[in-house]
Number of protein chains: 2
Amino acid sequence: MSTIQDNLVSKNKQYAASFDKGHLALLPAKKYTVVTCMDARIDPAAAFGIDLGDAHVIRNAGGSARDAIRSIVISEQLLGTKEVLLVKHTGCGMLTFKNEDARGIVHKNLGDPAVKELGDLDFLPFPELEGGVKDDLAYLRGSKLVPDNITLSGWVYEVETSKP
Amino acid sequence: MSTIQDNLVSKNKQYAASFDKGHLALLPAKKYTVVTCMDARIDPAAAFGIDLGDAHVIRNAGGSARDAIRSIVISEQLLGTKEVLLVKHTGCGMLTFKNEDARGIVHKNLGDPAVKELGDLDFLPFPELEGGVKDDLAYLRGSKLVPDNITLSGWVYEVETSKP
């Protein structure tokens, strides 16, 4: 096993030794969904106060609602959640490049076959943080897949202070 | 604000009061990525031993590698990660339905415009857990977007015991 895999196994032993939540149900107890970034500086459970079993947590590069739509539909239509909190954050990597930059890096590092596999993939960068939150909320509000009875809100988390 | 939004704000105040990690860098310190499910019963940081700042955490319905490919490419090609741990789990909701079931529920609940918006969206359910992990690993191994120098591993997390 790699060092990283060893870390998972050894740290998990400590976690499992005092674990007493094996009875929790599949459906989130508090019926909500958090969509946020994959960024390493965010611990959603701790920072946003999500107790185990309470909420779905969807994470991707940038906390993109568009990228998350499959998971959001499953969360609200199949698994009963009623509210979505969208949380983007300061210092996001998605603010630092454009689609053509990302495609250029893939081409340089991995060559033509990789670019071909990308097809028309949108990396979904966004040039400005508040605007990114607003755009994603507008997308969800306009989507027929997110009915009006789903409560939506948008947030900016500061990785420097840990505050929303 | 909704009760859920109030919860985020009040719990975050406690978190922020003792927060001392505002100096962490954008690039994950331990250069790895965890892909896992949005399931409410999983707390990746605690269960998998991920310290703040160490790893990207991507989460979606089922912990799908296919659904996560945009984020995985950004993680390894733009943000320097070198290893991906794919973690699916027992009792996953994605084991309980097929694409046609999900489409039927969307149609029943939200009508024709929502189904039209779905287009050919694949909900990416999988009928069997170990097979789901193997399929996703095979997808990543076969992808030109994931070069051979990226270490890959697949895991099953037991939500009943918290063990991998």
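Residues numbered from 1 in each chain as written. Chains lettered and ligands numbered in written order. Predicted model: local features only at pLDDT ≥ 70, side-chain atom pairs only at ≥ 80, totals over all residues. Heavy atoms only, no water.

Under an unreviewed UniProt entry, the name given to chain A is Carbonic anhydrase, and the organism recorded is Saitozyma podzolica. A UniProt comment under Function (unreviewed entry) is attached to chain A, and it reads "Reversible hydration of carbon dioxide." Reading the Catalytic activity (unreviewed entry) entry of the UniProt record for chain A gives the comment "hydrogencarbonate + H(+) = CO2 + H2O". (UniProt positions renumbered as here; feature names shortened; annotations may be inferred.)

Describing two packed helices takes the angle between their axes plus the distance from one axis to the other. Remark: helix 3 (residues 69–78) of chain A packs on helix 4 (residues 99–110) of chain B, axes separated minimally by 10 Å, with the N-to-C direction vectors making an angle of 65°. Handedness of the helix 3 of chain A/helix 4 of chain B crossing: left-handed. In this structure, helix 3 of chain A contributes A:V73, A:Q77 and A:L78 to the contact, and helix 4 of chain B contributes B:A102, B:I105, B:V106, B:N109 and B:L110. A class-by-class count of the residues in the contact of helix 3 of chain A with helix 4 of chain B yields six nonpolar, two polar and no charged. (Axes fitted to C-alpha atoms, helices over the stretch in contact; angles between N-to-C directions. Helix = DSSP H or I, 4+ residues; strand = E, 2+ residues; numbered from the N terminus. Left-handed = near helix turned anticlockwise from the far one by under 90°. Contact = heavy atoms within 4.5 Å. Nonpolar A, V, L, I, M, F, W, Y, C, P; charged D, E, K, R; others polar.)

Before going further, it helps to examine the interface of chain A and chain B. A common measure of how large an interface is: the accessible area buried when the components associate. Taken residue by residue, the interface counts 86 residues in chain A and 86 residues in chain B. Considering only the surface of chain A that becomes buried against chain B, A:L8, A:M38 and A:R70 emerge as the three largest contributors, covering 11% of it. Run the count over chain A and chain B and you get two salt bridges. For the pair chain A and chain B, the number of links is 35 residue pairs in polar contact (both at pLDDT 80 or more). Contributions of two or more residues to the side of chain A that touches chain B are made by helix 1 (3–17), helix 2 (44–48), strand 2 (55–60), helix 3, strand 3 (83–89), helix 4 (99–110), helix 5 (112–118) and strand 4 (151–157) of chain A. The element best represented in the side of chain A that touches chain B is helix 1 of chain A, accounting for nine residues. Of the residues that constitute the side of chain A that touches chain B, the class distribution is 48 nonpolar, 21 polar and 17 charged. (Buried area = accessible area lost by both parts, 1.4 Å probe. Salt bridge = Lys/Arg side-chain N within 4 Å of Asp/Glu carboxyl O. Polar contact = N/O pair within 3.5 Å; in protein donor to acceptor, adjacent residues only side chain to side chain.)

What follows concerns the relation of the copies chain A and chain B. Mapping between the two chain copies consists of a rotation about an axis together with a translation along that axis. Screw-axis analysis of chain A against chain B gives a translation of 0.0 Å along the axis, an RMSD of 0.0 Å, and a rotation angle of 180°. When the rotation and shift are considered jointly, the pair of chain copies conforms to a two-fold rotation axis. Residue A:R59, judged by its C-alpha, is the member of chain A lying nearest the rotation axis, at 2.3 Å. A high fraction, 100%, of the interface residues of chain A reappear at the interface in chain B, so the copies pair face to face through one surface. (Least-squares fit on C-alpha atoms with pLDDT ≥ 70 in both.)

The next thing to look at is the packing of aromatic side chains. Counted according to the given criterion, the structure contains four aromatic pairs over all chains. Consider the rings of A:F48 and A:Y157, whose centres lie 5.4 Å apart with planes at 85°: the pair is edge-to-face. Of this pair, A:F48 sits in helix 2 while A:Y157 sits in strand 4, and the two are 109 residues apart along the sequence. Measuring from centroid to centroid gives 5.7 Å for B:Y15 and B:F19, while their planes differ by 45°, and the two rings are tilted. The residues B:Y15 and B:F19 share a single accessibility class, namely buried. It is B:K88 that lies over the ring of B:F126; its NZ or CZ is 4.4 Å from the centre. (Phe/Tyr/Trp six-rings, centres within 6.5 Å; stacked < 30°, edge-to-face > 60°. Buried < 20%, exposed > 50% of the residue type's maximum accessible area, 1.4 Å probe, protein only. Lys NZ or Arg CZ within 6 Å of the ring centre and 35° of its normal.)

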